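The chain contents come next:
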Amino acid sequence: MNNFERTKQWLQACGKEPSDAAASVQIGCHIEEVCEFLECLRTPKEGHSMLLDRVLTDLQWWAAKLKSGETMAYIPTYRRAAALDALCDADVTGNGVAYLSGFDKLGADAAVLDSNDDKLQDGKALILDGGKIGRRPGWRAPNLDTFVMIKK
């Protein structure tokens, strides 16, 4: 089963169905993950580092507002095809970054999806206040160290 189908099934098990409100929260989650990636980057140029720090601060603030439901973002009908194109391109370019960085992306994807499945207890999600998907007692994040090739 591909990553999209696994993610769809997991979200359905968590009681999430397509809607503007649910998509808005997921957009916040997506922005949060982009921020986590950006936090991993380094640049030799001091001005670029300061720019990255400013962008991260703003994106993290917005992601938190979206995830909490304090504000919403939506994809207008006339922009839906462009949004889908950007999401597909993000998958392709992300896979390209993983490949060119020497990561075992397939293995890491499986570990992350398995870890998400492990958040469920008896096939059901723990839903926290505000609709956030919680973690069952004893849950641990996946260790992705084995999927990273150490550069010499």
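See the structure above.
Keep in mind that what you see is a predicted model, and the values were worked out from it rather than measured.

Reading the values: rules and limits
Residues numbered from 1 in each chain as written. Predicted model: local features only at pLDDT ≥ 70, side-chain atom pairs only at ≥ 80, totals over all residues. Heavy atoms only, no water. Phe/Tyr/Trp six-rings, centres within 6.5 Å; stacked < 30°, edge-to-face > 60°. Lys NZ or Arg CZ within 6 Å of the ring centre and 35° of its normal. Salt bridge = Lys/Arg side-chain N within 4 Å of Asp/Glu carboxyl O. Helix = DSSP H or I, 4+ residues; strand = E, 2+ residues; numbered from the N terminus. Buried < 20%, exposed > 50% of the residue type's maximum accessible area, 1.4 Å probe, protein only. Axes fitted to C-alpha atoms, helices over the stretch in contact; angles between N-to-C directions. Parallel < 35°, antiparallel > 145°, perpendicular 65-115°, else oblique. Contact = heavy atoms within 4.5 Å. Nonpolar A, V, L, I, M, F, W, Y, C, P; charged D, E, K, R; others polar.

Trainee: Can you help me understand the packing of aromatic side chains in this one?
Mentor: Remark: the centre distance and the inter-plane angle together describe each pair of aromatic rings, the angle taken between the planes. For the structure on display, the rule yields zero aromatic pairs. Lys119 extends its terminal NZ or CZ atom over the ring of Trp139, reaching a point 5.2 Å from the ring centre.

Trainee: I'm lost on the pattern of salt bridges in this one. Help?
Mentor: Any two side chains of opposite charge can pair if their charged atoms end up close together. Scanning the model with the defined rule gives six salt bridges in all. Here Arg6 ties to Asp114 by a salt bridge, and the two come within 2.8 Å at their closest N and O atoms. Here Arg6 is found in helix 1 (residues 3-13), whereas its partner Asp114 is found in helix 5 (residues 105-119), with 108 residues between them in sequence. Using a relative accessible area of 44% as the deciding quantity, one classes Asp114 as partly exposed. With its nearest N and O atoms 3.1 Å apart, the salt bridge here joins Lys105 to Asp109. Of the two residues, Lys105 and Asp109 are both situated in helix 5; the distance of four residues between them amounts to about one turn of the helix. By relative accessible area, which is 30% here, Lys105 ends up partly exposed.

Trainee: Before we go on, may I ask you to explain the packing of helix 1 against helix 5 in this structure?
Mentor: When two helices pack together, their arrangement is given by the angle between their axes and by how far apart the axes lie. In contact at an axis separation of 10 Å, helix 1 and helix 5 are set at 10° when each is read in the N-to-C sense. Viewed along their axes, helix 1 and helix 5 adopt a mutual orientation that is roughly parallel. Of helix 5, the residues touching helix 1 (which contributes Asn3, Arg6, Thr7 and Trp10) are Asp109, Ala110, Leu113, Asp114, Asn116, Asp117 and Lys119. Residues of the contact of helix 1 with helix 5, tallied by class, amount to three nonpolar, three polar and five charged.

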